[in-house]
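# Notes for the structure review
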Amino acid sequence: LEFGQTVCGIVAARREAMHVTAIQTSGEPHVAFLKLLGLDSYVSMPLLASGELLGTISFGRRGDAFSSGERETLTAL
C-alpha cells in the first residue's frame, strides 16, 4: 500500500494511530479499499521500535465502531 495514501500509509507516515468510522458513507479516497472490503470501522497503529517504524497493525470490522476501550487494548498489544 502506498506510503501516505491509504489509512495504513497515513499511519506509517504520521506514526500515529488512526480510527476510521462510517467508512461505507465516506467519500474520502484513503478509505476506498476499506469500503470495497465492506468494513464499517477500522483502526490502525504504527509498530515502532526505538523510534524506528517497523510497519503497521490494523483491525477492521463490520458493524459498530471500535470502542475507546477496544482501541486502548489494541494499542497496548
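Let me begin by describing the structure that accompanies this report. Here the structure is a predicted model, which means the values were calculated and not measured.

We now examine the pattern of salt bridges. Applying the stated criterion across every chain, the model contains one salt bridge. Across the salt bridge formed by Arg 61 and Glu 70, the nearest N and O atoms sit 2.9 Å from each other. A relative accessible area of 30% places Glu 70 in the partly exposed class.

Further remarks concern the nonpolar core. Soluble, globular proteins show a tendency: their nonpolar side chains are buried together. Listed in full, the 11 residues of the largest apolar core are Val 7, Cys 8, Ile 10, Val 11, Met 18, Val 20, Ile 23, Val 31, Leu 34, Leu 39 and Tyr 42. Listed by contribution, the elements that provide at least two residues to this core are α1 (7–14) and β1 (18–20). Ranked by residues supplied to this core, first place goes to α1 with four residues. For Met 18, the contacting residues outside a window of four places in its chain are Val 7, Ile 10, Val 11, His 30, Tyr 42, Val 43 and Ser 44.

The next thing to look at is the pairing of strand β3 (residues 52–61). Pairing geometry for strand β2 (residues 41–49) and β3, over nine bridges, is antiparallel. When the bridges of β3 are listed, Leu 48 appears paired with Leu 53. The hairpin formed by β2 and β3 contains two residues between the paired strands, and Ser 50 there has a positive phi angle of roughly 50°.

It is worth spelling out the side chain of Ser 41 at this point. Structurally, Ser 41 can be placed in strand β2. The exposure class of Ser 41 is buried, given its relative accessible area of 0%. A polar contact of 3.1 Å, which involves the side chain of Ser 41, links it to the side chain of His 19. Other than its neighbours up to four places away in sequence, Ser 41 contacts His 19, Val 20, Thr 21, Ile 23, Phe 59, Gly 60, Arg 61, Asp 64, Ala 65 and Phe 66.

With a phi angle near 60°, Arg 15 is a residue other than glycine that sits in the positive phi range. Assessed through its relative accessible area of 40%, Arg 15 is described here as partly exposed. The phi angle at Ala 22 is positive, at roughly 55°, despite the residue not being glycine. Examined against the element boundaries, Ala 22 turns out to sit in the loop between β1 and α2 (32–36). Take Ala 22: its relative accessible area is 48%, and that puts it in the partly exposed class.

The rules behind the values
- Residue indices begin from 1 for each chain and proceed along its sequence in written order.
- Local features in this predicted model are restricted to residues whose pLDDT is 70 or higher, and side-chain atom pairs enter the listing and the counts only when it is 80 or higher, whereas totals over whole chains, interfaces and linings include all residues.
- The side-chain quantities take in all heavy atoms of the structure and omit both hydrogens and water.
- Take a side-chain nitrogen of Lys or Arg and a carboxyl oxygen of Asp or Glu: if they are within 4 Å of each other, that pair is a salt bridge.
- The buried label goes to any residue with under 20% of its type's maximum accessible area, the exposed label to any with over 50%, and the partly exposed label to all in between, with areas taken from a 1.4 Å probe on protein chains only.
- Side-chain atoms within 4.5 Å are what join buried Ala, Val, Leu, Ile, Met, Phe, Trp, Tyr and Cys residues into a set we call a nonpolar core.
- Note on conventions: DSSP H or I runs of at least 4 residues are helices, E runs of at least 2 residues are strands, and numbering of each starts at the N terminus.
- When checking whether two residues touch, look at their non-hydrogen atoms; a contact exists if any pair is within 4.5 Å.
- One bridge is not enough; two strands pair if DSSP finds at least two bridges between them.
- For the purposes of these results, a polar contact is taken to be a pair of N or O atoms within 3.5 Å, where, inside protein, one atom must be able to donate a hydrogen and its partner to accept one; residues adjacent in sequence count only when each atom of the pair is a side-chain atom.

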